[in-house]
Amino acid sequence: MTVLPKAELHLHIEGTLEPEMVFELARRNDVALPYRDIDDLRARYRFADLQSFLDIYYANMAVLRTTRDFHDLAAAYLRRCPEQGVRHAEIFFDPQAHLARGVPMSAVVEGLSGAIGEFPEVSAKLILCFLRDQSADSAEETLRRAEPHLDDIVGVGLDSAEIGHPPSKFATVFAAARKLGLEPVAHAGEEGPPAYVREALDVLGVRRVDHGIRAMEDPDLVARLRRERVPLTVCPLSNVRLGCVPDIAHHPLPAMLAEGLNVSVHSDDPAYFGGYVTANLAALRLSEDQLRLLAANSFESSFVTAQARERYLAEVRAWRP
Ligand code: ADE
Ligand code: ZN
């Protein structure tokens, strides 16, 4: 059996920080952890909702301090890509969470992009995410600090606690990012209402919607997403673990496919949610045709060149399970 080639379009690099690496980096950087051991940490990965996950996700980032730490984090992820069939990855990072601890933007970006350069078998790009539960001014300051590094960054995203922080709050910074040639994407319709998906499209001008599962509550929005072939990057294990859907049997991905939406499947924060992209696909128990369609959608929705896209799509067509 060969692994299905695919693009990973919804992965937070900080969400690949495995418990083992939390402890290794804590030792290296002399950071005190409030956990007895790895099992104690893992036992806390039971989340009631998005916020309860974010609390521990941000707390664990305390161990990431140096260029080398960010390098090692990205290298550990990229090393897994061949076994996952990931040929291309557009990787989110959350600079505001690191700047707040005194880590310079250069350490974050140079560490991550240094690792990317060491894995030519995966074409990987970075997407800078703004934390929507921080101010619009803070997002604008973050974009200014990223300007010297734009050769390493393909786009901007919007993540963190969704409810109460609509996309329109970030209209100005997204307009500035688009002017700089950055591709706009945003989390919307994960916990938040379908109206946030509309705003992400109409106000931020996003090229992709991350999650978007709550769009299914709004038939007019579904019709628009189908008509405009808006890419939706869906993360089933995340949705189950954060209580956005009751269980995997009730996940809307099959219904989204049946509606003819341009969905693809990704892993969000695999160190926290029980698996990388192949585990997310396996959990859904899909047919060969559905798997091939999801993989083709992932390349169609990526920011690769038209030439690279055709090459990847040919690989998807040639795939035999
Ligand atoms: N940051 C990391 N994972 C996230 C998620 N699933 N939703 C919003 N922000 C996030
Ligand atoms: Zn996400």
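Look a little higher up for the structure.
No experiment lies behind these values; they were computed from the predicted model shown.

Caption draft 1: Broad picture of the pairing of strand β7 (residues 231-234). Side chains of β7 alternate between two faces, with P231 and T233 and L232 and V234 buried alike. Bridge count for strand β6 (residues 208-211) against β7 is two bridges, and the pairing is parallel. Residue D210 lies in a different strand from β7, and its bridge partner there is T233. Crossover handedness for the path β6 to helix α10 (residues 219-227) to β7: right-handed. As paired elements, β7 and strand β8 (residues 262-265) share four bridges and run parallel to each other. When the bridges of β8 are listed, L232 appears paired with V263.

Caption draft 2: Representation of helix α8 (residues 171-179). For α8, the set of buried residues is V173, F174 and A177. Axial view of α8: buried residues confined to an arc of 100 degrees, hence all on one face. Every exposed residue of α8 that faces more than 90 degrees away from the buried side is listed here: T172 and K179. Its buried side turned inward, α8 meets β3 (123-131), α7 (136-146), β4 (153-159) and β5 (183-188). Directly after α8, the chain includes G181, whose backbone phi takes a positive value near 90 degrees.

Caption draft 3: Region of interest: empty space enclosed by the protein. A full pass over the atoms with the stated rule returns two cavities of 30 Å³ or more. Approximately 120 Å³ is the volume attributed to the largest cavity. Taken together, 15 residues line the largest cavity, and the ones lying closest to its centre are H12, L54, S160, H187 and D269. Looking at which element gives the most residues to the lining of the largest cavity, the answer is helix α3 (residues 50-60), with five residues. Per-class residue counts for the lining of the largest cavity are six nonpolar, four polar and five charged.

Caption draft 4: Just the nonpolar core, in detail. If you look at the biggest cluster of nonpolar residues, it comprises 108 residues, and the most contacted ones within it are Y77 and L78. If near-sequence neighbours (up to four positions away) are discounted, L78 is found in contact with I91, A115, I116, F119, V122 and A124. Counting residues in hydrophobic clusters, the runner-up holds six residues, among them F92, C129, V154 and F303.

Basis of the calculations
Residues numbered from 1 in each chain as written. Chains lettered and ligands numbered in written order. Predicted model: local features only at pLDDT ≥ 70, side-chain atom pairs only at ≥ 80, totals over all residues. Heavy atoms only, no water. Buried < 20%, exposed > 50% of the residue type's maximum accessible area, 1.4 Å probe, protein only. Helix = DSSP H or I, 4+ residues; strand = E, 2+ residues; numbered from the N terminus. Pairing = 2+ DSSP bridges. Right-handed = clockwise from strand over helix to strand, strands pointing away. Arc of directions from axis to C-beta. Contact = heavy atoms within 4.5 Å. 1 Å grid on protein atoms, 1.4 Å probe; cavity = no way out; pocket = protein on both sides within 12 Å on 5 of 7 lines; lining within 4 Å. Points joined across faces, edges and corners; volume = space filled by probe spheres on them. Nonpolar A, V, L, I, M, F, W, Y, C, P; charged D, E, K, R; others polar. Core = buried A, V, L, I, M, F, W, Y, C linked by side-chain atoms within 4.5 Å.

This is a description of form; function is not addressed.
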